[in-house]
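Single-letter residue listing:
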Amino acid sequence: MQFNIHHHDTGSKARIGTIKTDHGDIKTPVFMPVGTAGTVKAIHNKDLKEQVNARIILGNTYHLYLRPGTEILKKVGGLHKFNAWDKPLLTDSGGYQVYSLAHRRKMNEEGVVFQSHIDGSRHKFSPEIVMDIQRAIGGDIIMAFDECTPYPCEYDYAQRSMEMTHRWLTRCCNHFDNTNGLYGYSQSLFPIVQGSTYKDLRIQSAEYIASCDREGNAIGGLSVGEPAEMMYEMTELVCNILPVDKPRYLMGVGTPANILESIALGVDMFDCVMPTRNARNGMIFTSEGILNMRNRKWIDDFSPIDPNGTTFVDSIYSKAYLRHLFAAGEMLGPIIATMHNLGFYLWLVDEAANHIANNTFMDWKNIMVKKLGQRL
RNA sequence: GGGGAGGUUCCAGAGUGGUUAAAUGGGGCAGACUGUAAAUCUGUUGGCUACGCCUUCGGAGGUUCGAAUCCUUCCCUCCCCA
């Protein structure tokens, strides 16, 4: 993997670049659609590529390990083969599930013992095991096994958790460096900064992660319920420490406004379930604001879903029709909304790239941030 | 013609003297959703000059301190047998 920064915005920390992987190039800043169980829900790969302009999608270690399981993934030759996605793939380590499924886990220095949310069976995740699973899945970028702390989080816990995440990272790196990819292309391991909402911990963690000198770095443990200002403060602090010449990945973020603000702080990569999950729940993001397509007010609005939208669904279907689909519980509703939202998210980061290249990013961003959160 | 069941708030459907503006589900309306246990979850759903009042359980009348619940009568549905 290689990262080339093409341009640095003169008015902010925003930059544009290209991550080169064995499955193709990733223009940054980039939004990565989340495909937890080996599928970005409600959309085909063809549409992800041709309509949405997605260049990399996620998969999830915990979910893919439980189903279909590593044996099947090895047998088929990795997730790229299994789900027919031939572009770059990133897998999350299951660290988020340590947080989101906290009530069915037992954690210690060695790792985590989980109870499957599917059948209650017990499974163990350790840094070494998680590296092996991610080798089997075959993501181009794989994530260190960490603990994503909740918010709010006591200082002592945040500190102990961060220190353990650091020790786990050392084990991840050792195991990763002592093993090889299974399918003939290279994989990159990204470490994850933790430290909750405490400045000194974030600084300490960012310095440690930077010292590991991997090919890219991630910021985790944010967007878990803390105020947005706090998230920006932590992101800024950490971005100022993480190396400039390596991609920075802010995990789990976020709203369109969150993404633009974070690009301004020097973040290059984002992923979030928001555009896909909210799409399935009837929410549409546009450059003018947010629409709840279930609302009665759209019942006879026959104008296009989004006149500024870049995917074909934006122009051929009306708001009234999309509202009807959601009202009727028709599956085409979530399908249309998913394509629209992902198309919008990718448009947003690509438009950001254009403005960074033209040194007009900050003015544009400030105007956009005001509009993006509005309810239409 | 004979026998039986029933009419409840938008719908389905509980409730059979007071704690019932009326369970529950659906529908409607609105909200939430940030490295996905999510095509999920939550709230709300008679009216009003509202922390109190008015109108509602097929219609009318009656019993009672009090009726969706009991009585009389009328109207209307559905099922079975001829």
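Residues numbered from 1 in each chain as written. Chains lettered and ligands numbered in written order. Predicted model: local features only at pLDDT ≥ 70, side-chain atom pairs only at ≥ 80, totals over all residues. Heavy atoms only, no water.

## Details of the packing of helix α1 (residues 45-52) against helix α14 (residues 332-357)
Here's step 1: At a minimum axis separation of 10 Å, α1 and α14 run at an interaxial angle of 45 degrees. As summarised for this structure, α1 and α14 are arranged oblique, according to the angle between their axes. Crossing handedness for the pair α1 and α14: right-handed. Contact residues: Asp47, Leu48, Gln51 and Val52 in α1; Met339, Leu342, Gly343 and Leu346 in α14.
Here's step 2: Residues that form the contact of α1 with α14 fall into these classes: 5 nonpolar, 2 polar and 1 charged. (Axes fitted to C-alpha atoms, helices over the stretch in contact; angles between N-to-C directions. Helix = DSSP H or I, 4+ residues; strand = E, 2+ residues; numbered from the N terminus. Parallel < 35°, antiparallel > 145°, perpendicular 65-115°, else oblique. Left-handed = near helix turned anticlockwise from the far one by under 90°. Contact = heavy atoms within 4.5 Å. Nonpolar A, V, L, I, M, F, W, Y, C, P; charged D, E, K, R; others polar.)

## Some remarks on the pattern of salt bridges
Here's step 1: The tally for this structure, following the rule as stated, stands at 17 salt bridges.
Here's step 2: Across the salt bridge formed by arginine 167 and glutamate 109, the nearest N and O atoms sit 2.7 Å from each other. Of this pair, arginine 167 sits in helix α7 (residues 155-177) while glutamate 109 sits in the loop between β7 (105-107) and β8 (112-115); the two residues are 58 residues apart in sequence, bridging distant segments of the chain.
Here's step 3: Note on glutamate 109: relative accessible area 36%, which makes it partly exposed.
Here's step 4: Between glutamate 288 and lysine 371 there is a salt bridge, with its nearest N and O atoms 3.4 Å apart. Taken together, the residues span a long stretch of sequence, with glutamate 288 in the loop between β16 (283-286) and β17 (289-292) and lysine 371 in helix α15 (residues 361-372) at a distance of 83 residues.
Here's step 5: On the basis of relative accessibility, which here comes to 35%, the residue glutamate 288 falls in the partly exposed class. (Salt bridge = Lys/Arg side-chain N within 4 Å of Asp/Glu carboxyl O. Buried < 20%, exposed > 50% of the residue type's maximum accessible area, 1.4 Å probe, protein only.)

## As for the side chain of serine 126
Here's step 1: Within the element layout of this structure, serine 126 appears in the loop between β9 (122-125) and α6 (127-137).
Here's step 2: The exposure class assigned to serine 126 is buried, which follows from its relative accessible area of 2%.
Here's step 3: Excluding anything up to four places from it in sequence, serine 126 contacts Glu110, Gly111, Phe145 and Arg171.

## What to know about the sheet that holds strand β5 (residues 57-60)
Here's step 1: On the basis of which strands lie adjacent, the open sheet formed by 4 strands has the order β5-β6-β10-β11 and parallel pairing. Each edge of the open sheet is held by one strand with a lone partner, namely β5 and β11 (188-190). Between one strand axis and the next, the sheet turns through 25 degrees on average, direction left out of account.
Here's step 2: Pairing analysis gives 2 bridges linking strand β6 (residues 89-92) to strand β10 (residues 141-143), with the strands arranged parallel. Within β10, the residue paired with leucine 90 across the bridge is isoleucine 141. (Pairing = 2+ DSSP bridges.)

## A few points about the protein's contact with RNA strand B
Here's step 1: Residues in contact with RNA strand B amount to 44 residues; listed here are only the nearest, Ser100, Cys148, Met251, Gly252 and Val273.
Here's step 2: Within 4 Å of the protein, atoms of RNA strand B come from sugar and phosphate in 48% of cases.
Here's step 3: For RNA strand B, a phosphate oxygen lies 3.2 Å from a polar atom in the side chain of tyrosine 96.
Here's step 4: At the level of elements, β5, α5 (95-100), β15 (269-272), α11 (274-280) and α13 (319-327) are the ones that each hand at least two residues to the surface near RNA strand B.
Here's step 5: Take the surface near RNA strand B: its biggest share by element is 5 residues, from α11.
Here's step 6: Looking at the surface near RNA strand B residue by residue, the classes come out as 13 nonpolar, 20 polar and 11 charged. (Near = heavy atom within 4 Å. Polar contact = N/O pair within 3.5 Å; in protein donor to acceptor, adjacent residues only side chain to side chain.)

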